[in-house]
Amino acid sequence: LQRVFALPHRVLPRTRARLIPQFRSRMRIVVTGALGHIGSRLIRFLPQAFPDCTVTMVDNLSTQRYASLFELPSKGRHRFIEADVTKVELAPMLRGADAVVQLAAITDAAGSFDRAREVENNNFHATRRIAEACAELGVALVAPSSTSVYGTQKTVVDEDCGLEDLKDRKSTRLNSSHVSESR
């Protein structure tokens, strides 16, 4: 995560001065989709990397992964907000944060084709709303992509694979990647 923050193209100019090179010990990091597969691991890792940080965990609990809230590390501070980032007012939640890690997404690849509108609303529009709020507030945004933007590959899937204009979930993740890069 420190490397991600150090990349000039990944950090908004107004925020960069606050984060680099000293990495404030009392960082405030917001993780959306905090109880999902990646988020539930990240909320445990951040206090190890930044011992005095405050991790604000945001999740709509649609996956009912309540267990991710138990046995959080004693280092750092954790705060949980049950909210749907497609509907909640984002500014009060993000104001004063040093960074937002946007992981809120519907990730059921097989089932997503039957729920294309819902996936589009959540995965693309949530990322766009968060990117716009971060840009407005001067908060750094980390928006990981998904390997699904590369489509089906015959060999190794990496950043050198061509991006495919895919339908449904895959294209919403691709669109989300483009929105994040443009903010």
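Residues numbered from 1 in each chain as written. Predicted model: local features only at pLDDT ≥ 70, side-chain atom pairs only at ≥ 80, totals over all residues. Heavy atoms only, no water.

### So, the pattern of salt bridges
Put simply, the test is: Salt bridges are identified by distance alone: a Lys or Arg side-chain nitrogen within 4 Å of an Asp or Glu carboxyl oxygen. The buried label applies to any residue whose accessible area, calculated with a 1.4 Å probe on protein chains only, is under 20% of its type's maximum; exposed applies above 50%, and partly exposed to all values in between.
Scanning all chains against the criterion turns up one salt bridge. The salt bridge partner of K87 is D84, with a shortest N-O separation of 3.9 Å. Note on D84: relative accessible area 23%, which makes it partly exposed.

### What about the nonpolar core?
Put simply, the rule is: As used here, the term nonpolar core means buried Ala, Val, Leu, Ile, Met, Phe, Trp, Tyr and Cys residues forming a set that is joined through side-chain atoms within 4.5 Å. What counts as a helix is a DSSP run of H or I of at least four residues, what counts as a strand is a run of E of at least two, and both are numbered from the N terminus. Whether two residues touch is decided by their heavy atoms; if any such pair falls within 4.5 Å, the residues are in contact.
The biggest cluster of nonpolar side chains holds 18 residues, and the ones touching the most others in it are V58, V85, L90, L94, V100, I130 and C134. Put simply, the parts of the chain that give this core at least two residues each are α4 (91–94) and α6 (116–137). If you tally residues by element for this core, the top one is α6, at five residues. Excluding residues within four positions of it along the chain, I130 makes contact with T32, V85, L90, V100, Q102 and L141.

### Some details on the sheet that holds strand β5 (residues 140–142)
In a beta sheet, neighbouring strands are held together by backbone hydrogen bonds and run either parallel or antiparallel to one another. Under the convention used in this document: Pairing between strands requires that DSSP locate at least two bridges from one strand to the other. Axes here mean lines fitted to C-alpha atoms, for a helix over just the part in contact, with angles spanning 0 to 180 degrees between N-to-C directions.
Judged by pairing direction, the sheet is parallel, and its five strands sit side by side in the order β3-β2-β1-β4-β5 without closing on themselves. Two strands close off the open sheet at either side, each with one partner strand: β3 (77–82) and β5. When strand polarity is set aside, the average angle formed by the axes of neighbouring strands in this sheet is 20 degrees. One ladder, built from five bridges, connects strand β1 (residues 28–32) with strand β2 (residues 54–59); its direction is parallel. Bridge pairing in β2 places V31 opposite M57. Running at roughly 170 degrees to β1, helix α3 (residues 37–49) makes contact with β1, β2, β3 and β4 (99–102) of the sheet. Of the strands in this sheet, β1, β4 and β5 touch α6, which is tilted by about 170 degrees from β4.

### A closer look at α3
In plain terms, the rule: Helix span, expected: 1.5 Å multiplied by one less than the number of residues in the helix. By definition, a residue's bend is the angle between the axes fitted to the seven residues ending there and the seven starting there.
Here α3 is 13 residues long and its end C-alpha atoms lie 19 Å apart, about the 18 Å a rise of 1.5 Å per residue gives. By the largest-angle criterion, I43 marks the main kink of α3, which is about 25 degrees, and a proline, P47, follows within four residues. Contacts from the buried residues of α3 go to β1, β2, β3 and β4.

### What about the side chain of T32?
Looking at the element boundaries, T32 is found in strand β1. A relative accessible area of 1% means that T32 is categorised as buried. Residues contacting T32, with those up to four places away along its chain left out, are V58, V85, V100, V101, Q102, L103, A104 and I130.

### Observations regarding the pairing of β4
Covered by surrounding structure in β4 are A99 and V101 together with V100 and Q102, the residues of both alternating faces. With four bridges joining them, β1 and β4 adopt parallel strand pairing. Looking across to β4, one finds that I29 is bridged to A99.

### Section: the confidence of the model for the chain
What counts is decided by this rule: A score from 0 to 100, pLDDT tells how confident the predictor is in each residue.
Here the chain averages 75 in pLDDT, and 65% of its residues register 70 or above. Long-range and interchain partners of residues 1–22, a stretch whose pLDDT sits below 50, account for 46 contacts in this model, where long-range means more than four residues apart. Here residues 165–171 scores under 50 on pLDDT; set against residues more than four positions off or in separate chains, the count is 20 contacts.

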